[in-house]
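Descriptive analysis of the structure
The chain contents come next:
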Amino acid sequence: MTEAVPSYLSPTGQEVVFLLLGAVAVGSALLVVTTRQLVHAALWLVVCFGALAGCYLVLTAEFVAWVQVLIYVGAIVVLLLFGIMLTRAPIGRSADLDSGNRVVSAVVALATAAILVTVVIDGFRTAYTPLDPGAGAAKELGASIFATWVLPFEALSVLLLAALIGAIVLSRTDIPGGSPPMGPAPPTGPAPPTGPATGRADPPARGDPTPPDRPSDQTSGGH
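The notes below deal with the structure included here. Along each chain, residue indices are assigned from 1 in the same order as the chain's sequence is written. Local features in this predicted model are restricted to residues whose pLDDT is 70 or higher, and side-chain atom pairs enter the listing and the counts only when it is 80 or higher, whereas totals over whole chains, interfaces and linings include all residues. Side-chain numbers come from the whole structure's heavy atoms, not from hydrogens or water.

1. Here we look at the overall build of the chain
We count a stretch as a helix when DSSP gives it H or I for four or more residues in a row; a strand needs E for two or more, and each element gets its number in order from the N terminus. Along its length, the chain carries 7 helices and 0 strands. In the chain, the order of α-helices and β-strands from amino to carboxyl end is α-α-α-α-α-α-α. Only protein chains enter the area calculation, which uses a 1.4 Å probe; residues under 20% of their type maximum are buried, those over 50% are exposed, and those in between are partly exposed. Each of the 223 residues in the chain was classed as buried or not, and the buried ones make up 10%.

Set out below in structure tokens:
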């Protein structure tokens, strides 16, 4: 596995493409969390996922790349867009999308990135693995997931199941603790009779300053 480390001053074409796709992914991810429009955030998320799929292709992980496109771009982003439309969320610029914790979130993000970069560089500084075609096929990945990483895979499945159950509970109105109905319920009883058949005039509409004329007023006005 460990071979002579190539010089970073003469990158290969694969490394250049990987760096460009990584820059696109990082830039689009920043736009996802900084834009003030929900629809634009979802579209920038599509760009970020597409750049990640390109990185997987460069790393000869074709199966992971197509899963990224089919599941994340083709399912999760579409689900987010449907959620925005069904909940009637504002699709224009919204000033309340910013929580006001930009400084804290930026510090946490930079600290997390610094830790991850330090760990990766310290652990793989002298290791170099050539990109062999076929290493990212479905057969090799399936054997690795269901043999070496079966426990984290099952834990992730339980986590996704719990999230799905929580989404169902929050979206249904007939379960205690669910979302309240959007508007007032219509009256179920029969409406009281009004009009000429009962001999009573209809009440004036709310906000109407002039009540209907009475018969005595009309008679006196005629004389």
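What follows picks up the thread again.
2. Some details on the side chain of Ser-28
Mapped onto the elements, Ser-28 comes out in helix α1 (residues 13-34). Accessibility expressed as a relative area gives 2% for Ser-28, which makes it buried. A distance of 3.0 Å separates a polar atom in the side chain of Ser-28 from the backbone oxygen of Ala-25. Those residues in contact with Ser-28 that lie beyond four places of it in its chain are Trp-44, Val-47 and Cys-48. Here a polar contact means two N or O atoms within 3.5 Å. Within protein one must be a hydrogen donor candidate and the other an acceptor candidate, and residues neighboring in sequence count only if both atoms are side-chain atoms. Should any heavy atoms of two residues lie within 4.5 Å, those residues are counted as being in contact.

3. Quick notes on the environment of Gly-27
Here Gly-27 is to be found in helix α1. Sequence separation between Gly-27 and Val-47 is 20 residues, and the spatial gap between their C-alpha atoms is 9.5 Å.

4. Things to note about the environment of Met-85
Note on placement: Met-85 falls in helix α3 (residues 62-86). Taking relative accessible area as the criterion, Met-85 reaches 55% and is therefore assigned exposed.

5. Section: a nonpolar patch on the surface
Here a patch means residues that are over 30% exposed by relative accessible area and free of salt bridges, tied together within 9 Å if like-charged and within 5 Å if nonpolar (Val, Leu, Ile, Met, Phe, Trp, Tyr). What sets the accessible areas is the Shrake-Rupley method with a 1.4 Å probe; for residues, cover comes only from the shown protein chains. Think of a salt bridge as a Lys or Arg side-chain nitrogen and an Asp or Glu carboxyl oxygen that are within 4 Å of each other. Taken together, Leu-57, Trp-66, Val-69, Leu-70, Ile-71, Tyr-72, Ile-76 and Leu-80 make up a surface patch of nonpolar side chains, about 730 Å² in accessible area. Mapped onto the elements of the fold, Leu-70 is located in helix α3. Judged by its relative accessible area of 61%, Leu-70 falls in the exposed class.

6. Notes on the packing of aromatic side chains
The pairing test for Phe, Tyr and Trp rings, Trp by its six-membered ring, is centres within 6.5 Å, and the orientation test on the planes gives stacked under 30 degrees, edge-to-face over 60, and tilted for anything in between. One pass over the full model with this rule turns up 2 aromatic pairs. The interplanar angle of 70° and the centroid separation of 5.1 Å between the aromatic rings of Phe-146 and Phe-153 together place this pair among those described as edge-to-face. In this structure Phe-153 comes out as partly exposed when scored by relative accessible area, which is 31%.

7. Some remarks on unusual backbone geometry
Of note, Thr-60 is a non-glycine position whose phi angle comes to about 60°, a positive value. Within the fold, Thr-60 resides in the loop between α2 (38-58) and α3. You can call Thr-60 buried: its relative accessible area is 11%.

8. Some words on the packing of α2 against α3
Axis geometry follows a simple rule: fit a line to the C-alpha atoms, using only the stretch in contact for helices, then measure angles between N-to-C directions, giving values from 0 to 180 degrees. It is the contact of α2 with α3, at a shortest axis distance of 8 Å, that shows an interaxial angle of 175°. The pairing of α2 with α3 is recorded here as roughly antiparallel in orientation. Seen from α2, the contacting residues are Leu-38, Val-39, Ala-42, Leu-45, Val-46, Phe-49, Gly-50, Leu-52, Ala-53, Tyr-56 and Leu-57; seen from α3, they are Glu-62, Val-64, Ala-65, Gln-68, Val-69, Tyr-72, Val-73, Val-77, Leu-80, Leu-81 and Ile-84. Oblique is the label for any angle not covered by the other classes, which are roughly parallel (under 35 degrees), roughly antiparallel (over 145) and roughly perpendicular (65 to 115).

9. Details of the packing of α1 against α2
Where α1 contacts α2, the two axes come as close as 8 Å, and the packing angle between them is 160°. Classed by the angle they form, the pair α1 and α2 counts as roughly antiparallel. Handedness of the crossing formed by α1 with α2: left-handed. Touching Gln-14, Val-17, Phe-18, Leu-21, Gly-22, Val-24, Ala-25, Ser-28, Ala-29, Leu-31 and Val-32 of α1 are Ala-41, Trp-44, Leu-45, Val-47, Cys-48, Ala-51, Leu-52, Gly-54, Cys-55 and Val-58, all from α2. Gly counts as polar in this scheme, as do all residues outside two lists: the nonpolar Ala, Val, Leu, Ile, Met, Phe, Trp, Tyr, Cys and Pro, and the charged Asp, Glu, Lys and Arg. Partitioned by chemical class, the residues of the contact of α1 with α2 number 17 nonpolar, 4 polar and no charged. Helix crossings are classified by the rotation of the near helix relative to the far one: an anticlockwise turn of less than a right angle makes the crossing left-handed, while a clockwise turn makes it right-handed.

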